[in-house]
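Chains, contacts and geometry: an overview
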Amino acid sequence: MPDTYPEISYDHHGVCSHCLAYKKTEPLGENRLLDILGSKSGSHYDCVVGISGGKDSCYVAYLAKKKLRLRTLAVTYDFPFMVDLARDNTKKVCDSLGIELLVVKSSNNCEYDLLRNHLISLAATGTTWGQCMFCHYGIEAILHGIARSKDIPFILSGVTESETWWNPGNRLGILKKRLRKLSLSEKVLFGFYQARAYTGLVDQRRQFPIPGNNCLNVYQRAHTPPDGPEIIPLFKYIAWDQDLIEKTLQSETGWQKPVRSLTWRYDCILEPLLDYTNKKEFGISSAGLYLCGLIRAGVISREQGLALLADSEDQARLDQSLKNVLDFLEIPQKIQDKFLIADRPA
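Predicted model only: the values in this text are computed from it and were never measured. Per chain, residue numbering runs from 1 following the sequence as it is written. Residue-level local features of this predicted model are given only where pLDDT is at least 70; pairs of side-chain atoms are given and counted only at 80 or more, and the full residue set underlies all totals for whole chains, interfaces and linings. Working from all heavy atoms in the structure, the side-chain values ignore hydrogens and water.

So, the pattern of salt bridges
- Throughout this description, the term salt bridge denotes a Lys or Arg side-chain nitrogen within 4 Å of a carboxyl oxygen of Asp or Glu. Taken as a whole and assessed by the stated rule, the structure comprises 14 salt bridges.
- Across the salt bridge formed by Lys 67 and Glu 30, the nearest N and O atoms sit 3.6 Å from each other. A residue pair is termed long-range when its members are at least 10 positions apart, and Lys 67 in helix α3 (residues 55-67) and Glu 30 in helix α2 (residues 30-37) qualify at 37 residues.
- With a 1.4 Å probe rolled over the protein chains alone, any residue whose accessible area is under 20% of its type maximum counts as buried; one over 50% counts as exposed, and the rest are partly exposed. Lys 67 sits in the partly exposed class, given a relative accessible area of 45%. Going along the chain from the N terminus, every DSSP run of H or I of four or more residues is numbered as a helix, and every run of E of two or more is numbered as a strand.

Right, dumping it as structure tokens:
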């Protein structure tokens with residue numbers, strides 16, 4: 001972890017405060033999981049699994065069907081930035097396991113326009129903060145809505161602690177610091193395009209509502225009703241083993257491993273933008289933060305992590321990934337150039 005990361009410190013051996021504070025948590029066990037799953041039953045399905053084509057969500061579907069013997073419904077949120085391999089892997093896994101798959105899309109691909117406007121608004125800041133907002137809400141709202149409508153008691157999640165441990169602070173506050181340094185004309189452009197992005201976020205929430213949440217409050221984290229389906233993070237109960245997961249999926253379902261050194265979040269073309277922005281802001285990419293979590297948990301060695309990090313944080317690769325997304329969104333070159341020339345704040 002670099003010393004540019006917020007509120008980090010080191011002891012006299014050079015060990016960072018995050019490593020010093022880390023406490024390994026052991027899985028709670030399959031028996032405890034089965035007790036929870038056996039406490040409720042649905043009409044036609046026992047659980048719904050949000051599946052993206054990534055290894056973790058696909059393995060959750062595999063465990064639900066093959067190991068836990070649950071009547072499983074798989075749901076994928078097919079938005080414009082999902083890669084084709086992820087779509088193919090989703091179908092392969094569900095077909096091989098005999099799991100019914102529901103593919104959900106917005107009625108007008110609203111995600112494309114809202115993200116285009118959002119990134120144009122941020123160009124002069126040189127960052128992409130907030131790019132995943134629509135996805136986080138969409139997945140939660142869609143799974144919750146389907147589970148409620150089909151009387152499904154559980155939503156099984158494949159989120160792991162290695163991808164959720166970091167918290168650099170309020171992202172809006174970080175963005176505001178950059179906005180204050182912009183010229184008046186750039187601030188006006190920010191407001192104009194953010195207003196258009198806001199309209200897209202409202203549209204998404206109207207299409208995929210969560211009861212009890214105002215669709216106009218798009219910048220607030222949505223809250224699911226307490227009487228709705230229960231979300232179960234499966235890897236809280238069953239050990240996460242990357243090699244086992246990939247080998248099992250490849251041999252049992254035909255899941256295809258992407259051609260890249262780090263398979264984490266390969267399913268969305270926007271993921272490298274998180275790497276780009278985190279590295280520019282804090283000196284370490286989101287992939288680097290994920291790898292730090294794996295090293296602390298003893299999943300990979302420090303040497304393995306550094307090798308993977310070198311590839312993930314290659315600046316030419318990050319710049320090209322940013323350009324690929326901006327080209328896909330048909331953002332003019334003049335605006336694209338603003339991302340690359342914006343200085344990192346002192």
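Considerations on empty space enclosed by the protein
- Here a cavity denotes a set of grid points, spaced 1 Å apart and computed over the protein atoms alone, in which a 1.4 Å probe fits but from which it cannot get out, and a pocket denotes an open set meeting protein on both sides within 12 Å along at least five of seven lines; residues with an atom within 4 Å of a point are reported as lining. Grid points are joined across faces, edges and corners, and a volume is the space filled by probe spheres set on the points. Going through the model one piece at a time under the given rule, you end up with 1 cavity of 30 Å³ or more.
- For the largest cavity, the calculated volume is near 30 Å³.
- Lining the largest cavity we find Met 133, Tyr 137, Leu 201, Gln 204, Arg 205 and Val 218.
- If you list the elements that add at least two residues to the lining of the largest cavity, you get α6 (133-149) and α8 (184-207).
- Take the lining of the largest cavity: its biggest share by element is 3 residues, from α8.
- As a working rule, the residues Ala, Val, Leu, Ile, Met, Phe, Trp, Tyr, Cys and Pro are called nonpolar, Asp, Glu, Lys and Arg charged, and the rest polar, with Gly in that last group. When its residues are assigned to classes, the lining of the largest cavity shows 4 nonpolar, 1 polar and 1 charged.

Let's talk about the packing of α3 against helix α4 (residues 84-97)
- Between α3 and α4, the shortest axis-to-axis distance is 10 Å and the interhelical angle comes to 5°. With respect to α4, the axis of α3 lies roughly parallel. Contact residues: α3 offers Cys 58, Ala 61, Tyr 62, Lys 65 and Lys 66, while α4 offers Asn 89, Val 93 and Leu 97. Here, axes are lines fitted to C-alpha atoms. For helices the fit covers the stretch in contact, and angles between N-to-C directions go from 0 to 180 degrees. Convention used here: angles under 35 degrees read as roughly parallel, angles over 145 as roughly antiparallel, angles from 65 to 115 as roughly perpendicular, and any remaining angle as oblique. Here a residue-residue contact requires only that any non-hydrogen atoms of the pair lie within 4.5 Å.

With respect to the pairing of strand β3 (residues 100-104)
- Pairing of strand β2 (residues 72-77) with β3, which is carried by 5 bridges, proceeds in the parallel orientation. By the bridge assignment for β3, Thr 76 is matched with Val 103.
- When the strands point away from the viewer and the path from the first strand over the helix to the second turns clockwise, the crossover is right-handed. On the question of chirality, the crossover connecting β2 to the parallel β3 by way of α4 is right-handed. Paired strands, as defined in this entry, are two strands with at least two bridges between them according to DSSP.

Focus: the nonpolar core
- Counting residues in each nonpolar core, the largest one holds 59 residues, and the members touching the most others are Leu 33, Leu 37, Leu 156, Ile 232 and Leu 234.
- Considering every element that reaches this core, the biggest residue donor is α3, with 7 residues.
- By nonpolar core we mean a set of buried residues, namely Ala, Val, Leu, Ile, Met, Phe, Trp, Tyr and Cys, connected to one another through side-chain atoms within 4.5 Å. Within the second largest apolar cluster, 44 residues are counted, among which are Leu 119, Ile 146, Val 202 and Leu 273.

Let's talk about the environment of Leu 270
- Mapped onto the elements, Leu 270 comes out in the loop between α9 (242-253) and α10 (271-282).
- Along the backbone, Leu 270 and Phe 81 are 189 residues apart, and their C-alpha atoms lie at a distance of 6.8 Å.
- Apart from the residues within four sequence positions on either side, Leu 270 is in contact with Phe 81, Leu 115, Gln 131, Phe 134 and Val 325.

Brief notes about the layout of surface pockets
- Roughly 460 Å³ of volume is contained in the second largest pocket.
- What lines the second largest pocket is a set of 20 residues, and nearest its centre among them are Thr 25, Glu 161, Phe 235, Ala 239 and Trp 240.
- Classifying every residue of the lining of the second largest pocket by side-chain character gives 10 nonpolar, 5 polar and 5 charged.

It is worth stressing that arrangement in space is one thing and function is another; only the former is reported here.
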